[in-house]
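# Overview (structure and organization)
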Amino acid sequence: MPPRNIQLNEQGRLRHFLTVEGFKRQMLIDILDTAESLSGVVDRSVKKVPLLRGKTIVNLFFEPSTRTRTTFELAAKRLSADVLNINIAVSATTKGESLLDTLYNLQAMHCDMFVVRHAESGAAHFIANHVAPHISVVNAGDGRHAHPTQAMLDMFTIRRVKGDFYPLTVAIVGDIANSRVARSQIHALTTLGVNEVRVIGPKTLIPPAVESLGVHVYHDMSEGLRDTDVVIMLRLQNERMQGELLPSEHEYYQLYGLTEARLAVAKPDAIVMHPGPINRGVEIESSVADGPRSVILEQVTHGIAVRMAVMSMCLGQGMEGGQG
Ligand code: CP
């Protein structure tokens, strides 16, 4: 018998959201559909629904974040949950308390969900394996491993603009080797059945055997971007690079920066995405980032509805019916 997916409860419903890997297509569609149904909450005069009233959600960010932390907080508040933002810099972890002891103390305060960002790959799985049975864990980015809610908000954005996944050719450009976002996007795109996923970048930033994930590798931008429907740019993850992988940011921009001229070989209606934070003049030209094909800020907005969907489904208040 295959090992049970720890992200599912005994009934096959979502309990934790740690990685996109291993989920069936229908679970991803359920998340997108639930997010679609919750996206209208923002248009109400009172931007709230009572789905998670009485629940307590703890944001535990051991790494910096702007978009993910704030949209998780907004999403929890729009679901009427109580939210605690733990400031790790002034928490007792600075006095030597272990990660697990911090969690057990928060658990003793009757919390229902931990949203965790951590520099170590596998941190969210480790926490999920140690929490009490009533607690859900959502991975907000762990090392190079996974950033599943980012991937799902990206899929939501693509579906909103393009309608259907099957005919699409999607290129992910840049530092694939150090990117948890790229890994989660590749799993989501291939599970949702896009026509082709390409990764483009210098040899030093493409992980070995990445083709085994079902992608095609390109080292030349003009070839890789040709006739694409979606172009996803990534920043150089300098904080996770080991050794000198690039001659200089200037040279990188000359070869792999997304300029209007380079984008001309993509389809005329191709969209440009970026999970943020963007580095203008390093991986993307300002006029592209701010231009008519860019959906970068729409991605941020959609993060709220997608995180509302994931949190409500994990805590058993969602609208999903599928099995993982
Ligand atoms: N996309 C993303 O994870 O951004 P933050 O680091 O600002 O959360």
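On a predicted model such as this, the values are computed, not experimentally measured, just so you know.

## Focus: the environment of Pro 50
Tracing the sequence through the fold places Pro 50 in the loop between helix 1 (25–38) and strand 1 (56–61). Sequence-distant contacts of Pro 50, that is, excluding residues within four places in its chain, are made with Leu 79 and Ser 80.

## Here we look at the sheet that holds strand 8 (residues 230–233)
The parallel open sheet is built from five strands, whose spatial order is 7-6-5-8-9. Two strands in the sheet have a free side with no partner beyond their single neighbour: strand 7 (216–218) and strand 9 (271–273). Neighbour to neighbour, the strand axes of the sheet diverge by 20 degrees on average, direction disregarded. As paired elements, strand 8 and strand 9 share three bridges and run parallel to each other.

## Examining the domain arrangement of the protein
What the domain assignment lists for the protein is domain 1 (25–147 + 301–321) and domain 2 (148–295). Between domain 1 and domain 2, the contact holds 28 residues from the first and 28 residues from the second. Together, the buried faces of domain 1 and domain 2 total about 2,500 Å²; carbon and sulfur atoms form 57% of this surface. When residues of domain 1 are sorted by the area they lose upon contact with domain 2, Arg 25, Arg 144 and His 147 head the list and together hold 33% of the total. The closest approach of N and O atoms between Glu 63 and Arg 180, which form a salt bridge, is 3.0 Å.

## Things to note about unusual backbone geometry
Residue Pro 277 is bonded to the preceding Gly 276 through a cis peptide linkage, with omega at -5 degrees. Relative to the helices and strands, Pro 277 resides in the loop between strand 9 and helix 10 (286–289). Non-glycine residue Ser 80 carries a positive phi angle of around 70 degrees. Within the element layout of this structure, Ser 80 appears in the loop between helix 2 (67–78) and strand 2 (82–86). The phi dihedral of Ala 209 is positive, around 60 degrees, even though this residue is not glycine. Turning to its location among the elements, Ala 209 is positioned in the loop between strand 6 (196–200) and strand 7. Residue Ala 209 is classed as exposed on the basis of its relative accessible area of 52%.

## Thoughts on the sheet that holds strand 4 (residues 136–142)
If you walk across this open sheet you meet the four strands as 2-1-3-4, and the pairing is parallel. Single-partner strands in this sheet number two, and they are strand 2 and strand 4. Mean inter-strand twist for the sheet, computed between neighbouring axes without regard to direction, equals 15 degrees. Across the sheet, helix 3 (residues 99–107) is in contact with strand 1, strand 2 and strand 3 (113–118); its angle to strand 3 comes to roughly 155 degrees.

## Structural notes on the site of the ligand
Near the ligand, the surroundings consist of Ser 65, Thr 66, Arg 67, Thr 68, Arg 117, His 147, Gln 150, Pro 275 and Gly 276. In the environment of the ligand, an oxygen atom lies 2.6 Å from a nitrogen or oxygen atom belonging to the side chain of Ser 65. Taken by itself the ligand offers 260 Å² of open surface, and the protein chains cover 91% of this. If you map the ligand onto the pockets, it falls in the largest pocket.

Calculation notes
Residues numbered from 1 in each chain as written. Predicted model: local features only at pLDDT ≥ 70, side-chain atom pairs only at ≥ 80, totals over all residues. Heavy atoms only, no water. Helix = DSSP H or I, 4+ residues; strand = E, 2+ residues; numbered from the N terminus. Contact = heavy atoms within 4.5 Å. Pairing = 2+ DSSP bridges. Axes fitted to C-alpha atoms, helices over the stretch in contact; angles between N-to-C directions. Domains from an automatic or database assignment. Buried area = accessible area lost by both parts, 1.4 Å probe. Salt bridge = Lys/Arg side-chain N within 4 Å of Asp/Glu carboxyl O. Buried < 20%, exposed > 50% of the residue type's maximum accessible area, 1.4 Å probe, protein only. Near = heavy atom within 4 Å. Polar contact = N/O pair within 3.5 Å; in protein donor to acceptor, adjacent residues only side chain to side chain. Areas by Shrake-Rupley, 256 points an atom, 1.4 Å probe, with all protein chains shown as cover. 1 Å grid on protein atoms, 1.4 Å probe; cavity = no way out; pocket = protein on both sides within 12 Å on 5 of 7 lines; lining within 4 Å. Sits in = over half its atoms within 2 Å of the grid points.

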